[in-house]
Amino acid sequence: ILSTTSMPEASLPKDFLWGFATASYQIEGAVHADGRLDSIWDTFCRKPGKIADGSSGEVACDSYNRTGEDIALLKDLGAKAYRFSLSWSRIIPLGGRNDPVNQPGLDFYVKFVDDLLAAGIVPMVTLFHWDLPDALDKRYGGPLNKEEFTQDFVHYARTVFEAMGSRVKHWITFNEPWCSAVLGYNVGVFAPGRTSDRSKSEEGDSSTECWIAGHSMLLAHAMAVKVYRDEFKERDGGEIGITLNGDWCEPWDTDDPADVEAWQRRLEFVIGWFADPIYFGHYPASMKRQLGDRLPNFTPDEAELIKGTNDFYGMNHYCTNYIRHRSDPADANDFGGNVDVLQENKAGEAIGPPTQAVWLRPYAQGFRKLLNWISERYGGPKIYVTENGTCILGENDKSREEILEDEFRVWYFRTYIQAMAEAVGVDGVDVRGYLAWSLLDNFEWADGYGTRFGATYVDYEGGQKRYPKKSAKTLREIFEGLIKKE
Ligand code: GBH
């Protein structure tokens with residue numbers, strides 16, 4: 001007997017927004033053009049030994065001078081949306097609410113948005129992708145000073161909403177505040193490079209700094225969302241949310257209850273740190289238990305302010321790791337939930353093949369599992385996958401011809417997008433968009449230019465010329481096969 005009800009199958013909704021993502025400091029270059037001043041990444045890159053190849057974002061992909069080329073590329077590839085970030089240092093070079101707005105910097109982005117719209121591409125704008133104006137770090141320690149930082153961020157956000165709110169309908173406040181907080185204020189491998197080995201020195205106590213920085217960014221997010229909703233939403237009709245990094249985890253030993261617990265705790269320390277306050281109004285219990293007073297508290301007013309501040313959940317996802325519990329009590333500087341993050345399980349099986357990044361092992365089903373975990377924990381929010389992509393082991397050592405045949409990246413995108421379509425079509429997760437990381441090979445932060453995440457090859461020796469790789473051209477076909485026609 002033939003059933004009349006169709007079986008659920010992998011699929012994506014009709015208006016699904018797919019495209020590519022980038023970030024200002026990673027692609028723009030032109031760091032001194034038209035009044036822009038230093039961000040913390042400009043100063044960080046000048047310090048010896050911080051960037052693997054001694055490079056910086058000074059030229060990068062030169063996208064500041066090649067907006068036409070980038071938009072033509074997006075159009076050629078069939079992208080429906082483009083996620084990019086604004087450089088705060090171009091718009092308010094000294095950063096603060098009493099500092100001057102730099103009109104040429106603001107105009108650059110307004111024109112860019114207009115050009116995107118004219119090309120039929122939906123702009124998705126990130127306000128903060130790690131490049132804090134350096135003056136604010138020098139003046140008061142950036143997010144280490146909650147009162148100053150939140151007010152300056154809100155002023156910056158309002159300036160931008162005023163200038164382009166009528167055109168931009170998708171706003172992201174912060175990109176991966178976990179990375180800014182942990183890598184910038186505890187591990188020290190990201191700007192501004194504050195590290196835990198000066199614990200209790202006169203420079204400050206690093207065992208609290210990343211939690212303070214994270215707390216400030218959460219509040220700055222909440223205050224900017226309030227401004228958007230109170231002053232712009234009615235006029236502009238857009239939506240606003242935050243983007244969080246989230247790699248999936250599996251227990252190192254599934255038979256060990258301590259590893260099973262550690263695996264959940266790990267997700268709470270990475271994702272729940274930011275998402276729990278936004279959806280529930282408080283930090284996860286596991287974090288309070290381990291961190292005690294080192295974790296700031298929300299006052300009742302702050303908790304009220306922050307709860308419910310995501311119109312959508314922005315999700316960056318790359319990979320899966322195995323999580324093993326530690327038997328010793330957590331160190332005061334531990335930020336990860338007192339676990340070891342491993343690429344092999346107890347049986348010695350690798351979660352996925354190696355790539356150029358030590359932390360990135362592809363495992364597509366982890367993407368589907370994480371989408372389900374977020375959907376269940378946070379009440380089925382609308383989700384945009386704001387980043388997903390991979391680098392390739394040894395890619396940078398190959399010739400351009402070889403790099404353009406990036407079968408590994410094609411395989412990654414195919415399997416990951418299929419897994420996402422299963423989460424949507426079969427499991428019922430509400431994913432509305434997907435932005436591949438990245439449109440271009442670009443400045444991969446502390447790894448410099450040797451690690452390429454682009455679906456498009458950028459010839460840094462040949463005048464920054466762009467050559468789409470096979471993966472870039474394959475995305476359209478993958479999405480056409482999964483997006484419902486009606
Ligand atoms: C994203 O972050 C960024 O948004 C983007 O700018 C960047 O270029 C891209 O990914 C590629 O790296 O030390 O085991 O806890 C990277 C996501 C999340 C990857 C945290 C490393 C740390 C793993 N990162 N993760 S671990």
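Refer to the structure above for everything that follows.
Fair warning: this is a prediction, and the values are worked out from it, not measured in the lab.

A. Representation of the nonpolar core in the model. By size, the foremost hydrophobic cluster in this structure holds 155 residues, and its most contacted members are Trp-41 and Met-420. With 13 residues, helix 9 (residues 206-236) is the single largest residue contributor to this core. In contact with Met-420, not counting residues within four places along its chain, are Leu-12, Phe-16, Phe-367, Leu-371, Val-385, Val-431, Tyr-434 and Phe-479.

B. The pairing of strand 13 (residues 465-468), seen in detail. Where strand 12 (residues 456-459) and strand 13 come together, 4 bridges link them in antiparallel fashion. When the sheet's bridge partners are listed, Tyr-457 is paired in strand 13 with Tyr-467. Here strand 12 folds back onto strand 13 in antiparallel fashion, the turn holding 5 residues, of which Gly-463 has a positive phi close to 70°.

C. How the structure looks around the packing of aromatic side chains. For the structure shown, the criterion picks out 55 aromatic pairs. Ring centres of Phe-128 and Phe-174 lie 5.2 Å apart, and the angle between their planes is 50°; on these two criteria the pair is classed as tilted. With Phe-128 in strand 3 (residues 122-128) and Phe-174 in strand 4 (residues 170-175), this residue pair connects regions lying 46 residues apart in the sequence. Judged by relative accessible area, Phe-174 falls into the buried class, the value being 0%. Ring centres 4.0 Å apart and planes at 15° place the aromatic pair Tyr-412 and Tyr-416 in the stacked group. Here the residue Tyr-412 and the residue Tyr-416 both occupy positions in helix 15 (residues 407-425), the gap between them amounting to 4 residues, near one helical turn. Tyr-412 sits in the buried class, given a relative accessible area of 0%. Judged by its relative accessible area of 0%, Tyr-416 falls in the buried class. Directly above the aromatic system of Tyr-467 lies the positively charged group of Arg-400, at a separation of 4.0 Å from the ring centroid.

D. Quick look at the site of the ligand. Looking at the ligand, there are 18 residues lining it, with Gln-26, Glu-176, Arg-266, Glu-387 and Glu-444 nearest. Between His-129 and the ligand, the recorded distance is 2.9 Å, taken from a side-chain N or O atom to an oxygen atom. Between Arg-266 and the ligand, the recorded distance is 2.8 Å, taken from a side-chain N or O atom to an oxygen atom. When the free accessible area of the ligand is taken as 580 Å², the share hidden by the protein chains comes to 85%. For the shell around the ligand, the class distribution of residues is 9 nonpolar, 5 polar and 4 charged.

E. Up close: the side chain of Asp-334. Here Asp-334 is to be found in the loop between strand 8 (320-325) and strand 9 (339-342). Overall, the relative accessible area of 11% leaves Asp-334 in the buried class. Engagement of the side chain of Asp-334 in a polar contact is seen with the backbone nitrogen of Asn-338, the distance being 2.8 Å. Sequence-distant contacts of Asp-334, defined by excluding residues within four places in its chain, comprise Trp-211, Gln-290, Leu-291 and Arg-326.

F. A look at the sheet that holds strand 10 (residues 383-387). Here 8 strands make up a closed barrel; going around it, the order is 1-2-3-4-5-7-10-11 and the pairing parallel. Within the sheet, the average angular offset between the axes of one strand and its neighbour, ignoring direction, is 25°. Bridging between strand 4 and strand 5 (residues 239-245) involves 4 bridges; their strand directions are parallel. Note on strand 5: the bridge partner recorded for Asn-175 is Thr-243.

G. Seen up close, the pattern of salt bridges. A complete count under the given rule lists 41 salt bridges for this structure. As a salt-bridge pair, Arg-235 and Asp-236 come within 2.6 Å of each other at their nearest N and O atoms. On the accessibility criterion, Arg-235 (52% relative accessible area) is exposed. The partner of Arg-326 in a salt bridge is Asp-334, with the nearest N and O atoms 3.5 Å apart. Each member of the salt-bridge network shares a partner with another, and the members are Glu-395, Asp-406, Arg-409, Asp-441, Arg-452 and Lys-469.

H. Seen up close, the packing of helix 8 (residues 177-187) against helix 9. Two elements in contact, helix 8 and helix 9, have axes separated by 9 Å at closest approach and are oriented at 155°. Our classification of the angle between helix 8 and helix 9 gives roughly antiparallel. Note on packing geometry: the crossing formed by helix 8 with helix 9 is right-handed. For the pair helix 8 and helix 9, contact is made by Pro-177, Ser-180, Ala-181, Val-182, Tyr-185 and Asn-186 and by Ser-206, Glu-209, Cys-210, Ala-213, Gly-214 and Met-217, respectively. Taken together, the residues of the contact of helix 8 with helix 9 break down into 7 nonpolar, 4 polar and 1 charged.

I. View of helix 9. Of all bends in helix 9, the biggest is about 45°, found at Arg-229. For helix 9, the tally of buried residues reaches 22 of 31 residues, placing the bulk of the element in the interior.

J. Fine view of the sheet that holds strand 9. Pairing is mixed across the open sheet formed by 3 strands, whose spatial order is 6-8-9. Lying at the two open borders of the sheet, with one neighbouring strand each, are strand 6 (248-251) and strand 9. Pairwise comparison of adjacent strand axes, ignoring direction, gives a mean angle of 40° for this sheet. Judged from the 4 bridges that link them, strand 6 and strand 8 form a sheet pairing that is parallel.

Rules and cut-offs
Residues take numbers from 1 onward in each chain, read along the sequence in its written order. The predicted nature of this model means local features are confined to residues of pLDDT at least 70 and side-chain atom pairs, given and counted, to a pLDDT of 80 or more, with totals for whole chains, interfaces and linings taken over all residues. Excluded from the side-chain calculation are hydrogens and water; included are all heavy atoms of the structure. The term nonpolar core refers to a set of buried residues drawn from Ala, Val, Leu, Ile, Met, Phe, Trp, Tyr and Cys, joined through side-chain atoms within 4.5 Å. Accessibility here uses a 1.4 Å probe with only protein chains present; expressed as a share of the type maximum, an area under 20% marks a residue as buried, one over 50% as exposed, and anything in between as partly exposed. Helix numbers and strand numbers start at the N terminus; a helix is a DSSP run of H or I with at least 4 residues, a strand a run of E with at least 2. Any two residues having at least one pair of non-hydrogen atoms within 4.5 Å are treated as being in contact. In this scheme, strands are said to pair when DSSP sees at least two bridges between them. Centres within 6.5 Å make a pair out of two Phe, Tyr or Trp rings, where for Trp the six-membered ring is used; the pair is then stacked when the planes are under 30 degrees apart, edge-to-face when over 60, and tilted otherwise. The rule is short: NZ of Lys or CZ of Arg within 6 Å of the ring centre and within 35 degrees of the ring normal puts a charge over the ring. Proximity criterion: a residue is near a molecule or strand once any of its heavy atoms comes within 4 Å of it. Any pair of nitrogen or oxygen atoms within 3.5 Å is treated as a polar contact; in protein, a donor-acceptor pairing is required on top of that, and neighbouring residues in sequence qualify only through side-chain atoms on both sides. Working definition of accessibility: Shrake-Rupley area with a 1.4 Å probe, residue cover restricted to the visible protein chains. Just so you know the grouping, Ala, Val, Leu, Ile, Met, Phe, Trp, Tyr, Cys and Pro go in nonpolar, Asp, Glu, Lys and Arg go in charged, and all remaining residues, Gly too, go in polar. Every axis in this analysis is a line fitted to C-alpha atoms, fitted for helices over the stretch in contact. Angles between the N-to-C directions lie between 0 and 180 degrees. What counts as a salt bridge is simple: a side-chain nitrogen of Lys or Arg found within 4 Å of a carboxyl oxygen of Asp or Glu. Orientation labels follow simple angle bins: below 35 degrees gives roughly parallel, above 145 gives roughly antiparallel, 65 to 115 gives roughly perpendicular, and whatever is left gives oblique. For a crossing to be left-handed, the near helix must be turned anticlockwise from the far one by less than a right angle; the clockwise case is right-handed. Two axes enter the definition of the bend at a residue: one is fitted to the seven residues ending there, the other to the seven starting there, and the bend is the angle between them.

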